[in-house]
Amino acid sequence: MTQKDGRLGIGVIGAGRVGPVLAAALAGAGHAIVGISAHSEDARDRVDSMLPGVPVLEVPQVVERSELVIIAVPDDQLPDLVSGLAAVDAWLPGQLVLHTSARYGVRVLDPARPAGIIPLAVHPALTFTGTSLDLARLREAWCAVTAPGPVLPIAQALVVEMGAEPVVVAEEHREAYADAIGAASEFSTAIVGQSIEALRDIGIDEPGRVLSAVVRSAVDNALRGAGADSIDLAGLDDTTSAPRKENGD
């Protein structure tokens, strides 16, 4: 698989809930998954389920084999991982390096740039389960994309191949974007959890099923009431987004 024919050899660092799902989505678009790092039993089980037959490798081996490296690790691990691999000259010229953190843009990849890598930041605005359910949910999701202008279309194209839709978020706006996405996710989870407990306390069986319709309709109505133009994520410009594809450990 080569960049020449549009198919990439993709390696993934991190087999938490995000990395294997994005890899599976890109494999479905015809790319080859050449390896993934996984350092726990749960992570290896996830790889077996989502990416059967893909070899589990050490991080330097993943980088060495890959034309595109997806880094899907927690925010607090990302800077040290990038700089540590740079310190041992692991990065390769012309290699696409994509991280999935909401909070960081491409500056976090600066230690790798002297090696000639192409930096991309793509965050799916989705709460992942780490299962095949996420592949369907990706088709209704947006991904925040940050990249240098000349390579922005590459990041957008990868998002479209995953089945999602790209929205461009400037480097200086990544932290505000992360705060907005985090608040929506955490608040929704907390409120639903409180409601489930309240219904359980009064003896209602399967409170999650009882709440399902009201929660989904309330969220749909709130988003619809905000207007289609509000999907620019807290005021961030999405006018340069690519057209939508029709449809840590």
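Calculation criteria
Residues numbered from 1 in each chain as written. Predicted model: local features only at pLDDT ≥ 70, side-chain atom pairs only at ≥ 80, totals over all residues. Heavy atoms only, no water. Helix = DSSP H or I, 4+ residues; strand = E, 2+ residues; numbered from the N terminus. Buried < 20%, exposed > 50% of the residue type's maximum accessible area, 1.4 Å probe, protein only. Areas by Shrake-Rupley, 256 points an atom, 1.4 Å probe, with all protein chains shown as cover. Arc of directions from axis to C-beta. Contact = heavy atoms within 4.5 Å.

What is the right way to look at the overall build of the chain in this model?
Along the backbone of the chain there are 8 helices and 7 strands. Residues classed as buried in the chain amount to 43% of the 249 residues present. On the chain, roughly 12,500 Å² of surface is accessible, and the fraction owed to carbon and sulfur atoms is 55%.

Got a minute to help me understand helix H2 (residues 41-50) in this structure?
Side chains three or four residues apart in an α-helix point the same way, a direct result of the helix having 3.6 residues per turn. For H2, the complete set of buried residues consists of Ala43, Arg46, Val47 and Met50. The buried residues of H2 all sit within an arc of 100° when viewed along its axis, so they share a single face. Facing away from the buried surface of H2 by more than 90 degrees, the exposed residues are Glu41, Asp48 and Ser49. Structurally, H2 contributes buried residues whose contacts are with helix H1 (19-28), strand S2 (32-37) and helix H5 (133-138).

Can you walk me through the environment of Gly94 in this structure?
Within the secondary structure, Gly94 is located in the loop between helix H4 (78-87) and strand S4 (96-99). Judged by its relative accessible area of 31%, Gly94 is partly exposed. The sequence separation of Gly94 and Gly116 amounts to 22 residues, and the corresponding C-alpha distance is 5.6 Å.

Quick question: what am I supposed to make of unusual backbone geometry here?
With the exception of glycine, the majority of residues adopt a negative phi angle, and the majority of peptide bonds are in the trans configuration. Even without being glycine, Asp89 reaches a positive phi, approximately 55°. The residue Asp89 is located in the loop between H4 and S4 in this model. One non-glycine residue, Glu206, lies in positive phi territory at about 50°. Along the chain, Glu206 falls in the loop between helix H7 (174-201) and helix H8 (207-226).

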